[in-house]
Amino acid sequence: MKRLFGSNVLVSGLQGLGAEIAKNLVLAGVKSVTLHDDGNVELWDLSSNFFLSENDVGQNRAQACVQKLQELNNAVLVSALTGDLTKEHLSKFQAVVFTDISLDKAIEFDDYCHSHQPPIAFIKSEVRGLFGSVFCDFGPEFTVLDVDGEEPHTGIVASISNDNPALVSCVDDERLEFQDGDLVVFSEVHGMTELNDGKPRKVKNARPYSFFLEEDTSSFGAYVRGGIVTQVKPPKVIKFKPLKEAMSEPGEFLMSDFSKFERPPLLHLAFQALDKFRTELSRFPVAGSTDDVQRVIEYAISINGTLGDRKLEEIDKKLLHHFASGSRAVLNPMAAMFGGIVGQEVVKACSGKFHPLYQFFYFDSVESLPVDPLEPGDLKPKNSRYDAQISVFGSKLQNKLEAAKIFMVGSGALGCEFLKNLALMGISCSQNGNLTVTDDDVIEKSNLSRQFLFRDWNIGQPKSTVAATAAMVINPKLHVEALQNRASPETENVFNDAFWENLDAVVNALDNVTARMYIDSRCVYFQKPLLESGTLGAKCNTQMVIPHLTENYGASRDPPEKQAPMCTVHSFPHNIDHCLTWARSEFEGLLEKTPTEVNAFLSNPTTYISAARTAGDAQARDQLERVIECLDRDKCETFQDSITWARLKFEDYFSNRVKQLTFTFPEDSVTSSGAPFWSAPKRFPRPVDFSSSDPSQLSFILAAAILRAETFGIPIPEWAKTPNKLAAEAVDKVIVPDFQPKQGVKIVTDEKATSLSSASVDDAAVIEELIAKLEEVSKTLPSGFHMNPIQFEKDDDTNFHMDVIAGFANMRARNYSIPEVDKLKAKFIAGRIIPAIATSTAMATGLVCLELYKALAGGHKVEDYRNTFANLAIPLFSIAEPVPPKTIKHQELSWTVWDRWTVTGNITLRELLEWLKEKGLNAYSISCGTSLLYNSMFPRHKERLDRKVVDVAREVAKMEVPSYRRHLDVVVACEDDDDNDVDIPLVSVYFR
């Protein structure tokens, strides 16, 4: 980030692509972005540059964008440069990007940048209709400090052989992620200490829990125990070719869609042919012009003839027709996608982090075109802001886009990008169109790095309302309705049947699987296209869910994240994640849950005590003990009391508990099978001796004391907010009692245990004693006493929350000889922060909107749709057709998850059974919701057969069908005549 903050970047060409790149760089936080463009704003530009409005027509493009770009990040200097650009202009930049430049000029500028000392990163990118290209040259030798941005992989050693090569086995609680050729280093190895020398060694024959080491260890000491093996990520030097050389010897192209394996060489040729056309005629081909298309094809054939060994045997003239005809248009989805890619390449050039794109990337989405051929007359401009889009897709599809009824769920990072894209595309911009966006969240400061429709002054306001208002500024004709409802079963009165039935498509902009699954189920039920996407740092994915063509989102699920066992977190941590999980849990227990319990007791003692008696378990006992401890022994009346509490907690957590643990399980303990108890992955702990001269320990005590004082409403003196002599003296005043470990203390070691509370012999009797003590303690409290629970808030650096959590975790790490972390890394893990950057978000939404053209046009086959996984860090693009839905067959019938059988009429259960019998299905069970309406095994259920299905549902399932719904859904279990179960679709009985 420091390198990025010091970088000056030039973006030349401020049509849609340049605007998207500049937006991503300003959000990323480079030092300065200089915008260059000689052209003036045309109505045509409003299809893709969201900074421009009709009032800007006639102004210089670069100057018209400066103010709105500057609003995104005041820490970045944004300026405009007009007039002819010279090589000398380039010398003050660390990276330069050109989006609209002739090939000859690009070669001239790239030669200068390539030979400059130090080299200037040069990127040339173009978006021409549904086709795009990127070229990168970061100089003769560019050093990548971190090729993928992933944390180095680690493993806990279980054994190492004295062999050549040596076999290293690791504990089997987690699979190893090492690959052949990786370099690794060892630490903390006992016995074979020669491996602790810090020398990187090469992995070979990597397996899930073991690998061979390219090392002869036969003369080394015998392995005894312990050891951590950690991947080493050496810097990588990449040698780039200058553009002139790369044009004639492009090497391997970066692939994205392997169904278009032969496409990149053809597009390499096509972009050269278009450059020649523009150079000779000083214009783009006219959309639909046969003559212009033919000229571009002839140029391509001519250039191909000069290629020698690289000559293409066949040129796809139909593809070149589409390329040439739409080449003047900069489409918003393409600009968003390439803006994300190029923005990330600039960040790589400036920071040295992530592997650069080497060196050419070509992409097309020609399958986004309407299925029916377009007539030249349909491509003619209408003197509207959508003319660029019309020149590619025709006015018929444009009319469909404007009349579309879209439901967008979420308006955070993805949602902001989507709203901008939809407004530029003209989606829902006619009188008949409507875009409904809902999000129940409000804007936080941390959102501003990528959710670019929001500003500082919007913090605390509803995301959906602010984002919708900003989108209407981009396109005043956008018909958008902003709601603050969470889309869930509880809001089906808002998003009712009529709402869903009226939709053309649904766009997910969500950040959790539960909500995605719910929206997916609704889209399947109402048979609506769902366009799904997600991001994680530099990674993104898109999935198209199209009725009857593709599988639904819920058809495949990621495996659940592995959770560390409770005993590992509480007594046997072996990495910093375990320490931080424990720290977060202790923070919430001490500062939120216990004060909340105290207030619950004080507000209604009778109810609270009754609930404790009713529960009568170990959890209720522990809860009462915490409340009593808080109000009695640990009650705070002065800030010195808070310091005493914090100091004694330190001693308890990081000294006494460790002494008890190692007393119960000494270092030489063995298990019932005779194996050492403290074998990997367990680490033997040692108590921490407190010293007020240790800044980290003193800071932790002060932060904990401050938060404890807040819960009691005690004023906090200024001297307590930073470690100093006065603070150290206050801490040293505390008298710490001696600790003696006890015999017979039970410590949970069962990895399958989910709770550390164990029931005592007679919890009820203990609870009665505790209740009596609680009632006695409460009499000593002042009138009106209450506590102030503290909810963890990671984003406020002045509230001491992260100071306490980082202190908790690092002291615990010190106990177990685990490397400590700084507050930022602690915040990342304990705050459960999902990495998010603007570039991958922009790319994902651009890809989705290319699919939206298809979904709204209709008539496309499954082969036309694309799902994508991309990782901009590597970079990797994996684009493929969606998977078709699973088909179930029975006799002459077949169906998928998309089918729903409907029966019209207020029928009886018997009539429903007969209706199914006609299909060769023997129904033996009918249910509604969670209730069984009929089962052939229950004789009394036969009495219901002649009653209406809806009446039985009302009586048995307590199902009241809302007035807006005309049908009732039932799940029917069936068999065929051979008694084989047949999984049939949901059955809807339309009784109204």
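Residues numbered from 1 in each chain as written. Predicted model: local features only at pLDDT ≥ 70, side-chain atom pairs only at ≥ 80, totals over all residues. Heavy atoms only, no water.

Engineer: Can you tell me about the overall build of the protein chain, naming the residues and giving the values?
Structural biologist: What the protein chain contains, in helices and strands, is 29 helices and 31 strands. Its C-alpha atoms give the protein chain a radius of gyration of 33 Å, near enough to 30 Å, the size a compact globule of 992 residues would have. In terms of overall dimensions, the protein chain has a C-alpha envelope of 95 × 85 × 65 Å along the principal axes. With 992 residues in all, the protein chain has 54% of them scored as buried. Considering only residue pairs separated by 6 or more positions, the protein chain has 72% of its internal contacts joining residues 24 or more positions apart. Of the accessible surface of the protein chain, which amounts to about 44300 Å², a share of 50% is contributed by carbon and sulfur atoms. Charged side chains in the protein chain number 104 positive and 136 negative. The centres of these two groups are separated by 1 Å. (Helix = DSSP H or I, 4+ residues; strand = E, 2+ residues; numbered from the N terminus. Rg over C-alpha atoms; globule rule 2.2 N^0.38 Å. Buried < 20%, exposed > 50% of the residue type's maximum accessible area, 1.4 Å probe, protein only. Contact = heavy atoms within 4.5 Å. Areas by Shrake-Rupley, 256 points an atom, 1.4 Å probe, with all protein chains shown as cover. Lys, Arg positive; Asp, Glu negative; His and termini not counted. Charge placed at Lys NZ, Arg CZ, Asp CG, Glu CD.)

Engineer: For the pairing of strand S28 (residues 931–935), give the residues involved together with the corresponding values.
Structural biologist: Counting buried residues along S28, 4 of its 5 residues qualify, which places the element largely inside the surrounding structure. Where strand S27 (residues 922–928) lies against S28, 4 bridges are found, and the strand directions are antiparallel. By the bridge assignment, Ile926 is partnered in S28 with Tyr934. In this antiparallel pair of consecutive strands, S27 and S28, the connection spans 2 residues, and Gly929 shows a positive phi of 65°. (Pairing = 2+ DSSP bridges.)

Engineer: Talk me through the packing of helix H21 (residues 639–664) against helix H22 (residues 695–712); I want residue IDs and the actual numbers.
Structural biologist: At their nearest, the axes of H21 and H22 sit 8 Å apart, and the two run at 125° to each other. Taken together, the axes of H21 and H22 are oblique relative to one another. As for the relative orientation of H21 and H22, their crossing is right-handed in sense. Taken together, the residues of H22 that come into contact with H21 (itself represented by Phe639, Ser642, Ile643, Trp645, Ala646, Arg647, Phe650 and Phe654) are Gln697, Phe700, Ile701, Ala704, Ala705, Ile706, Arg708 and Ala709. Counted by class, the contact of H21 with H22 contains 12 nonpolar, 2 polar and 2 charged residues. (Axes fitted to C-alpha atoms, helices over the stretch in contact; angles between N-to-C directions. Parallel < 35°, antiparallel > 145°, perpendicular 65-115°, else oblique. Left-handed = near helix turned anticlockwise from the far one by under 90°. Nonpolar A, V, L, I, M, F, W, Y, C, P; charged D, E, K, R; others polar.)

Engineer: Explain the sheet that holds strand S13 (residues 228–232) to me, and be specific about the residues and the numbers.
Structural biologist: Ordered by their spatial adjacency, 6 strands build a closed barrel running S8-S9-S12-S11-S10-S13, and the pairing between neighbours is antiparallel. Direction aside, the axes of adjacent strands within the sheet are offset by 45° on average. Relative to strand S12 (residues 210–213), strand S11 (residues 201–204) runs antiparallel, the two sharing 2 bridges. Bridged to Val203 within S12 is Leu213.

Engineer: Give me the lowdown on unusual backbone geometry, citing residues and values where you can.
Structural biologist: Keep in mind that most residues, glycine aside, have a negative phi and that most peptide bonds are trans. A cis geometry characterises the amide bond from Asn164 onward to Pro165, with omega recorded as 0°. Here Pro165 lies in the loop between strand S8 (154–160) and strand S9 (166–170). Following Ala680, the chain continues to Pro681 via a peptide bond in cis, the omega torsion being 10°. Relative to the helices and strands, Pro681 is located in the loop between H21 and H22. The backbone phi angle of Ser817 is positive, close to 55°, even though this residue is not glycine. Locating Ser817 in the fold gives a position in the loop between helix H25 (801–815) and helix H26 (823–830).

Engineer: Tell me about helix H18 (residues 576–603), and please be specific about residues and values.
Structural biologist: Taking 1.5 Å as the rise per residue, H18 with 28 residues should run 40 Å; its terminal C-alpha atoms sit 39 Å apart, in good agreement. The largest bend along H18 measures about 40° and falls at Gly589. For H18, the capping residue at the N-terminal end is Asn575, with a side-chain oxygen 3.0 Å from the backbone nitrogen of Asp577. (Expected span 1.5 Å × (residues − 1). Bend = angle between axes of the 7 residues up to and from the residue. Polar contact = N/O pair within 3.5 Å; in protein donor to acceptor, adjacent residues only side chain to side chain.)

Engineer: Which residues make up the pattern of salt bridges, and what values go with them?
Structural biologist: In the structure shown here, the tally under the stated rule is 53 salt bridges. The partner of Arg201 in a salt bridge is Glu215, with the nearest N and O atoms 3.0 Å apart. Of this pair, Arg201 sits in strand S11 while Glu215 sits in the loop between S12 and S13; the two residues are 14 residues apart in sequence, bridging distant segments of the chain. In this structure, Asp364 and Lys260 form a salt bridge, with 2.9 Å as the shortest nitrogen-oxygen distance. Separated by 104 residues along the polypeptide, Asp364 in strand S15 (residues 360–364) and Lys260 in the loop between helix H6 (243–248) and helix H7 (263–281) bring together distant segments of the chain. Here Lys260 falls in the buried class, since its relative accessible area comes to 9%. (Salt bridge = Lys/Arg side-chain N within 4 Å of Asp/Glu carboxyl O.)

Engineer: Which residues make up the UniProt feature "domain: Ubiquitin-activating enzyme E1 C-terminal" (unreviewed entry) in the protein chain, and what values do they have?
Structural biologist: Mapped onto the present numbering, the UniProt feature "domain: Ubiquitin-activating enzyme E1 C-terminal" (unreviewed entry) falls at residues 865–987. With 14% helix and 37% strand, the stretch residues 865–987 has end C-alpha atoms that lie 30 Å from each other. (UniProt positions renumbered as here; feature names shortened; annotations may be inferred.)

Engineer: Could you give an account of the UniProt feature "active site" (unreviewed entry) in the protein chain, naming the residues involved and the relevant values?
Structural biologist: Mapped onto the present numbering, the UniProt feature "active site" (unreviewed entry) falls at Cys567. Relative to the assigned elements, Cys567 resides in helix H17 (residues 566–571). Given the relative accessible area of 2%, Cys567 is considered buried.

Engineer: Tell me about the domain arrangement of the protein chain, and name the residues and values.
Structural biologist: Where interface size is given, it is often the accessible area lost as the parts come together that is meant. Its domain assignment divides the protein chain into domain 1 (1–144 + 331–364), domain 2 (154–232), domain 3 (256–326), domain 4 (404–560 + 834–865), domain 5 (574–817) and domain 6 (888–990). In this structure, domain 1 and domain 2 have C-alpha centres spaced 46 Å apart. (Domains from an automatic or database assignment.)

Engineer: Provide a residue-level description of helix H13 (residues 413–425), including the pertinent values.
Structural biologist: Under the 1.5 Å per step criterion, the end-to-end length of H13 is 19 Å for 13 residues, consistent within 8% with the ideal 18 Å. The buried fraction of H13 amounts to 13 of the 13 residues, a majority that puts the element mostly inside the structure. In the segment just after H13, Gly426 is the residue with positive phi, at about 85°.

Engineer: For the packing of aromatic side chains, give the residues involved together with the corresponding values.
Structural biologist: Inspection of the entire model under this criterion finds 51 aromatic pairs. Consider the rings of Phe360 and Tyr362, whose centres lie 6.0 Å apart with planes at 5°: the pair is stacked. Note on accessibility: Phe360 and Tyr362 belong to one class, buried. Residues Phe639 and Trp719 carry aromatic rings whose centres are separated by 5.8 Å and whose planes lie at 85° to one another, so their mutual orientation is edge-to-face. Placement of the pair is Phe639 in helix H21 and Trp719 in the loop between H22 and helix H23 (725–732), with a sequence separation of 80 residues. Among the residues examined, Phe639 registers a relative accessible area of 7% and is labelled buried. (Phe/Tyr/Trp six-rings, centres within 6.5 Å; stacked < 30°, edge-to-face > 60°.)

Engineer: Could you give me a rundown of a nonpolar patch on the surface, with the residues and numbers involved?
Structural biologist: A cluster of nonpolar side chains, Phe869, Ile874 and Leu876, forms an exposed patch at the surface whose accessible area comes to about 230 Å². Relative to the helices and strands, Phe869 resides in strand S22 (residues 867–871). (Patch = residues over 30% accessible without salt bridge, like charges linked within 9 Å, V, L, I, M, F, W, Y side chains within 5 Å.)

Engineer: Account for the environment of Gln484, with residues named and values stated.
Structural biologist: Looking at the secondary structure, you find Gln484 in the loop between strand S18 (480–483) and helix H15 (497–501). Residue classification places Gln484 among the partly exposed positions, given a relative accessible area of 39%. Sequence separation of Gln484 and Lys463 is 21 residues, and the distance between their C-alpha atoms is 8.3 Å. The residues contacting Gln484, other than those within four sequence positions of it, are Thr438, Asp439, Asp440, Pro462, Ser464 and Thr465. Of note is the side chain of Gln484, whose polar atom sits 3.1 Å from the side chain of Ser464.

Engineer: So what's going on with the nonpolar core? Which residues, and what values?
Structural biologist: It is characteristic of soluble globular proteins that their nonpolar side chains tend to be buried jointly. Judged by nonpolar contacts, the single largest core of 165 residues is most densely connected at Leu35 and Phe361. If one sorts the elements of this core by residue count, helix H27 (residues 838–857) sits on top with 12 residues. Not counting chain neighbours up to four residues away, the residues in contact with Phe361 comprise Gly132, Ser133, Val134, Leu254, Ser256, Met337, Phe338, Ile341 and Phe877. The next biggest cluster of nonpolar side chains, apart from the first, holds 81 residues, and it includes Phe601, Leu702, Leu774 and Leu781. (Core = buried A, V, L, I, M, F, W, Y, C linked by side-chain atoms within 4.5 Å.)

Engineer: Which residues make up the side chain of Gln15, and what are the values?
Structural biologist: Counting through the fold element by element, Gln15 comes out in the loop between strand S1 (8–12) and helix H2 (16–28). Since its relative accessible area comes to 15%, Gln15 is described here as buried. Apart from residues no more than four positions distant in its own chain, Gln15 is found in contact with Asp37, Asp45, Asn49, Arg61, Asp100 and Val330.

Engineer: Please give an account of the sheet that holds strand S5 (residues 121–128) that cites residues and values.
Structural biologist: Across the sheet, which stays open at both edges, the 7 strands sit in the order S3-S2-S1-S4-S5-S6-S15 with mixed pairing between neighbours. In the strand order of this sheet, the two ends are held by strand S3 (77–81) and S15, each with one partner. Between one strand axis and the next, the sheet turns through 15° on average, direction left out of account. Direction of pairing for strand S2 (residues 32–36) relative to S3: parallel, over a ladder of 5 bridges. Looking at the pairing, His36 lines up with Leu81 of S3. Most of the contacts of H7 go to S15, to which it runs at about 90°, and overall it touches S5, strand S6 (131–137) and S15. Helix H10 (residues 332–351) rests against S1, strand S4 (95–98), S5, S6 and S15 of the sheet, and its axis sits at about 175° to S5.

Engineer: Describe in detail the state of the cysteines, supporting the description with residues and values.
Structural biologist: Counted according to the given criterion, the structure contains 0 disulfides. Here Cys113 is not cross-linked by a disulfide; its sulfur's nearest cysteine counterpart is in Cys350, at 12 Å. Residue classification places Cys113 among the buried positions, given a relative accessible area of 0%. Of all cysteine sulfurs in the structure, the one in Cys849 sits closest to Cys523, which takes part in no disulfide; the separation is 16 Å. Judged by its relative accessible area of 0%, Cys523 falls in the buried class. (Disulfide = S-S within 2.5 Å.)

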